[in-house]
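Below, each chain spelled out in residue letters.
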Amino acid sequence: MTRRQQWKERERFQKEEEERKMNLQIYVFVLRCIAYPFNAKQPTDMTRRQQKVNKQQLQTVKERFLAFLNGETQIVADEAFCNAVRSYYESFLKSERASRMVQSGGCSANDFREVFKKNIERRVRSLPEIDGLSKETVLSSWIAKYDAIYRGEEDTRRPTQRAHMGSVSELILSKEQLYEMFQQILGVRKFEHQLLYNGCQLDNVDEQAAQIRRELDGRLQLAENIARERRYPKFISADMEVLYVEELRSSVNLLMANLESLPVSKGGPDFKQKLKRSSMNNSFLDLGDEGDILSKSDVVLSFTLEIVIVEVHGLKSLAPNQVVYCTMEVEGGEKLQTDQAEASRPQWETQGDFTTTHPLPSVKVKLFTERTGVLALEDKELGRVVLNPTTNSPKQAEFHRMVVPRNSPDTDLRIKLAVRMDKPPNMKHSGFLYASGQRLRKRWKKRYFVLVQVSQYTFAMCSYREKKAEPQELMQLEGYTVDYCDPQPGLQGGCVFFNAVKEGDLVIFACDDEQDRVLWVQAMYRATGQSYKPVPPQLNRTTNRKEGNPKPPTPISLNPSQRQGVEDLISATPSRFDHSTLFRVLQKKTLQHRMNDSFSCLGWFSPGQVFVLDEYCARYGVRGCHRHLSYLKDLMDYSEKSALVDPTLLHYSYAFCASHIHGNRPDGMGTVTVEEKEQFESIRSRLMTLLMNQITHFRYCFPFGRPDGALKATLSLLERVLMRDITTPVPSEEMKNLLQKCLEKAAQINYSQLLDYAQIKVDPEEAADKQLEDMLMLGELCIEVLQQNDEHHSEGREAFSWWSDLLADHAEAFLCLYRQNLDSALQVQPADSWNTFPLFQLLNNFLRTDPHLCNGPFHKHLQDVFVPLVVRYIDLMESSIAQSIHRGFEQETWQPVRSLTNNLASVPLPKVPNLSLTLPQMPSFSAPAWMGPLCENTLHGINLPDIFNGSATSEDLFWKLDALQMFVLDLNWPEPEFAKHLEQRLKLMASDMMEACVKRTKSAFDAKMQKASKSTEFRVPLSVCTMFNILMDAKKQCSKLCVLDCSQETDKQWQQYHSRIDVLIDETFKEMISSLISKFAVVLDGVLSKLSRYDEGTFFSSILSFTKPGMDLADTYITFVRQNQDILRDRISDELYIENLFEQWYSSSMKAVCVWLTDRLDLQLHTYQLKTLIKIVKKTYRDFRLQGVLDGTLNNRSYETIYNRLTVEEATAAVKAGGALQGLSMRDSDEEDI
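Going by what an unreviewed UniProt entry lists, the chain is known as Calcium-dependent secretion activator 2 isoform X6 and is assigned to Austrofundulus limnaeus.

This is the structure:
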């Protein structure tokens, strides 16, 4: 090792040694603050801090929630709760900001729980109401399940004793716990603590009170020296120098008053003497012109005596069975008696309790025996003993020789007893001393002295006589100095001497024992409060120690240098130290210890730490401004290192310092030093920078709104820092402009962080699809960021009403950065590409629901970009649909297909092969598996229900129109005028398309009917049924596709246009039904024409009368009717239209028959005619009734005419031909088999 290295090592060692000595010196002061506090106490109203969550615990929590999501736990939950947990896991637990929270040391399990609670409250509010289940119940259930997941299985079995002890230690600490804490804070070892503890006599309350008095006297002397030597600190005004000394004196006087208000003995009875005024001087010393003079009545002592009588020995003059007993009394008090005992065994173990005010009481104990004589008036006294105990007398039982009456045979009568006299708390020492003073009678005399503490600052040496409560002589110790002295020649009595000296007076004391002298000097040294500490003469220490009995060693052996170092630390005068520097070190180390403990403190000290620091500042005169300035520096150091610090705490300290600097005197200090002002200005500038940086990085400094209310407190603190003084508020515009600049920077930072998180590199050379995909993902992340800002960082409006406007401006600035990349990605997309619509839907659905961003700059720009695309898309779709109608109906086979329009509202629009463009394909949806060729009746071999609708062309048309309108509706266009324009255009387009569809269907229907057969072989073609279904579907779809929203205002022209479409459909339907009914009537006319050949009087009638025709004609027609009824019933989907068709068909049929019969009123029907008509009419009536035709229609006038005519003809035929009708009859037709 080179010399330079040796020098550096030596220098480092010396620096560490100096630091260690300073820490030990601070620890001595802290020990005294803890041992005897008289200014502060541990606060009980501080917020309880939660345990920190560390990195390992965060990883464990992640694993537990992941296990729940994977179904590896026994916790039962519904889908909604699982979705909430998944969102919490993805957005919070896995986020980088959660890791930063844990790393900053300000995150607790309660923060995790509050984030989850806030998340689910928003979710539960959006759920629909459930009868019998309130949302509060759902929230409570979800929170309970969250707690179960967070704790895990192992924690449910672990006892909570550790957490309970931690919370208790967070509240109130004992002295031993405080000692241990500050040993860790200052790096003091255990044996060093023991040495300092014993050396400072921390277990001696009187010594600690005396130490405080000496410290306060030292501070007063320091104040006087400063005033005399004019060694003032540099103040901002010279007028403060005189005020500074007054402040020092008043602070010391306040401490003296606090000390004076304490009970005389800490932990003892609440004894407190009031200092009385007296003009008489009853002491044996002339106290001069003292303001406060004690009188003998001021010194009152109260003693408790316990007298225990055990047994008597040497009692021989009495018979063994004779009764004896003892009495005991204290002079001036009551008399007590023991139980009776036999003379053979005089034992009692009886205790008597007495109280007295005599320092030298007289105790009498007597032994009696009972006299059994008739004339005996009193019991016989056998012996007595008189004792004069003191507080220093032995406490154990001893034998005492009793004084017996004259001529008593019991000359060796002894009694065993104990007299215990307790020392009152205000009696500090007592014993017999020789004393003489200059102003006392020149007589060296032994007296019984008691050192009495009247109050914390008043002590008196009192001498007492036996059986006297008031002192005979009294000496007030104020102003005296006690010390050891040499033997005084000419004084008889006493071996070792000490004296008490005062200006103009000298009192010499002597006692017989060196140890007793040391105790007396120490007691009086603590009472006088003198700065000089008496040191016993070395000669006396050695001469009084007997040979062969060396002083026992201390528990810890130290070499002389170490012992001297401990003595220097203990005997150091506190007023000679710069306690501002020492306190700054103490507070910094305490904060370091606090920030590194297991609690999420956010910079707040624990109650025990607050207590010790408060006591230190008050006791050693640390200025409040200096304390809080140092505290602010330390807190800002941690905050600048990304540790979470409560801004409310910064606000408290800053407000204190600002009030002090501006002369508000929060702690009574009116003086302001130049150093304090300079430090304050430096801290103010530094704090301003820190707060602006925190607001700029608000997403990372206050992640997820934690700590609770931190952002609001930061804004309030920033406003306070901007104030020039304590009264003038900051202009609103100045504050607003400053925050606006911070949030503009925040937008850039947040967006760059988002790009890094998404790992998106904006490259114009990338493929268009990749750029669009990146913009879609980036848009989702931007929305999530803005939603989190609104959810977790909107508390600023509690501080400023315009915070929401600033946050909206921040969001616009944030979206403006996204807009640049969005425009670049949209420019490279190919023409007539509709893949950008999902991006518009994503952004618009978020923006239109935000009251601050809706129709804002970004939203309007987004609309301007997509308006041409939407218009172009609708134009192409209109052209595509028109072409599909034209070509579809040209190639239409009119085969029925199943309905798609009611089930495909969210199905993507099909690509039109005839146009060289790509129609929009929604990436969030895909065509369902069952979507196949529209004209097929089966799908992959699976038979579907026979539910028939329109043709492929019509279904394709309705589907496209519906899907197009749903697509435009899903765009949720925010601008009302353009949205209305889009809707009107689509409704008009749908009306035009439907009109074309109806007309083309009507043309095809007319063509079909012209080619149809006119015989009973005619069957309604399936294509005709399909055409009917097309019209029915058009009628249904018209109300949805062609009608504007009722909430919008519609003009008369639009209403007329829509009513024209309805009329067209209705008229077309009527015409098609009439055409079909006409076809059915033609078939019936053919049947009736064949029956006309059998008319009476015709040529063919006479020829055909010789034949026997069967019922083939009637059966053929009935079959025709029934089969067509079945076809129409099965193939037409609307029941109302079928019933209308059947009613018209039945009515026309009955009318045709009625007309045919009316034409033959003058003719009698041929038997064949009659039989055929009866069967046709009866079967037709029955069939249509089975098809649902109502009785009112069935039994119309035509039918009644027919029925009456055929009934008459039937009766006539029965008369003429008998059984020619072969059982056919119009009667009871309902009972016949059909």
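A. Main features of the overall build of the chain. Within the chain one finds 36 helices and 18 strands. For the chain, the residues scored as buried account for 48% of the 1234 residues in total. Considering only contacts in the chain between residues 6 or more positions apart, those separated by 24 or more positions represent 73%.

B. The arrangement of the packing of aromatic side chains in detail. For the structure shown, the criterion picks out 57 aromatic pairs. Note on Phe81 and Trp142: the rings are 5.6 Å apart at their centroids and 65 degrees apart in plane angle, and the pair reads as edge-to-face. Pair noted here: Phe81 is in helix α3 (residues 79-93) and Trp142 is in helix α6 (residues 135-157), with a separation of 61 residues, a long-range link. The pair formed by Phe81 and Trp142 is uniform in burial state, with each residue classed as buried. Clustering of aromatic rings is evident, with ring pairs tying together Phe65, Phe68, Phe81, Tyr88, Phe92, Phe112, Phe116, Trp142, Tyr146, Tyr150 and Phe704.

C. Geometry of the sheet that holds strand β1 (residues 303-313). Here we have four strands laid out as an open sheet, ordered β5-β1-β9-β8, and antiparallel in their pairing. The open sheet has two free edges, formed respectively by β5 (347-356) and β8 (398-401), since each of these has just one partner strand. Strand-to-strand twist in this sheet, taken as the mean axis angle between neighbours without regard to direction, amounts to 30 degrees. When β8 meets strand β9 (residues 414-421), the two strands line up antiparallel, connected through four bridges. Bridge assignment links Phe399 to a residue of β9, and that residue is Lys416.

D. Region of interest: the sheet that holds strand β10 (residues 427-437). An order of β13-β12-β11-β10-β16-β15-β14 is seen for the seven strands of this open sheet, with the pairing classed as antiparallel. Here the strands that pair on one side only, and so sit at the sheet edges, are β13 (473-476) and β14 (481-485). Geometrically, the sheet is characterised by an average inter-axis angle of 35 degrees between neighbouring strands, direction not taken into account. Here β10 pairs with strand β11 (residues 445-455) via eight bridges, running antiparallel. By the bridge assignment, Tyr434 is partnered in β11 with Lys446.

E. Focus on the side chain of Arg720. Here Arg720 shows up in helix α21 (residues 710-722). Although Arg720 is buried, it forms no salt bridge, and the closest oppositely charged side chain is Asp725 at an N-O distance of 7.4 Å. Those residues within four positions of Arg720 in sequence are excluded, and the remaining contacts are His651, Tyr654, Ala655, Ala658, Ser659, Asp725 and Ile726.

F. Examining the nonpolar core more closely. In terms of nonpolar packing, the biggest core is built from 124 residues, with Tyr818, Phe1028, Leu1076, Leu1128 and Leu1206 touching the most fellow members. In contact with Leu1206, not counting residues within four places along its chain, are Leu1157, Leu1165, Leu1170, Leu1173, Ile1174, Val1177 and Met1226. Listed in part, the 97 residues of the second largest apolar core include Phe611, Tyr616, Met688 and Phe702.

G. Quick peek at the packing of helix α22 (residues 732-758) against helix α24 (residues 803-827). Following both chains from N to C, one finds α22 and α24 inclined at 35 degrees, their axes separated by 9 Å at the closest point. α22 and α24 meet at a crossing whose hand is right-handed. Touching Lys736, Leu739, Gln740, Leu743, Ala746, Ala747, Gln748, Asn750, Tyr751 and Leu754 of α22 are Trp803, Leu806, Leu807, Asp809, His810, Ala813, Phe814, Leu817, Tyr818 and Asn821, all from α24. When grouped by side-chain class, the residues that make up the contact of α22 with α24 number 13 nonpolar, five polar and two charged.

H. Examining helix α29 (residues 1022-1041) more closely. Taking 1.5 Å of rise per residue, the 20 residues of α29 would be expected to cover 28 Å, and the 27 Å separating its terminal C-alpha atoms lies within 8% of that figure. A large share of α29 lies buried, amounting to 15 of its 20 residues.

I. Inspection of the pattern of salt bridges at higher detail. Under the defined criterion, the tally for this structure stands at 47 salt bridges. Close ionic contact of Arg526 with Glu207 constitutes a salt bridge, the shortest N to O distance being 3.7 Å. On the criterion of sequence distance, the pair formed by Arg526 in helix α12 (residues 514-528) and Glu207 in helix α10 (residues 205-229) is long-range, its members being 319 residues apart. Each member of the pair Arg526 and Glu207 is classed as buried. Between Asp412 and Arg401 there is a salt bridge; the shortest N-O distance is 2.8 Å. Of this pair, Asp412 sits in the loop between β8 and β9 while Arg401 sits in strand β8; the two residues are 11 residues apart in sequence, bridging distant segments of the chain. Exposure remark for Asp412: the relative accessible area of 38% places this residue in the partly exposed category.

Criteria and thresholds
Residues numbered from 1 in each chain as written. Predicted model: local features only at pLDDT ≥ 70, side-chain atom pairs only at ≥ 80, totals over all residues. Heavy atoms only, no water. Helix = DSSP H or I, 4+ residues; strand = E, 2+ residues; numbered from the N terminus. Buried < 20%, exposed > 50% of the residue type's maximum accessible area, 1.4 Å probe, protein only. Contact = heavy atoms within 4.5 Å. Phe/Tyr/Trp six-rings, centres within 6.5 Å; stacked < 30°, edge-to-face > 60°. Pairing = 2+ DSSP bridges. Axes fitted to C-alpha atoms, helices over the stretch in contact; angles between N-to-C directions. Lys, Arg positive; Asp, Glu negative; His and termini not counted. Salt bridge = Lys/Arg side-chain N within 4 Å of Asp/Glu carboxyl O. Core = buried A, V, L, I, M, F, W, Y, C linked by side-chain atoms within 4.5 Å. Left-handed = near helix turned anticlockwise from the far one by under 90°. Nonpolar A, V, L, I, M, F, W, Y, C, P; charged D, E, K, R; others polar. Expected span 1.5 Å × (residues − 1).

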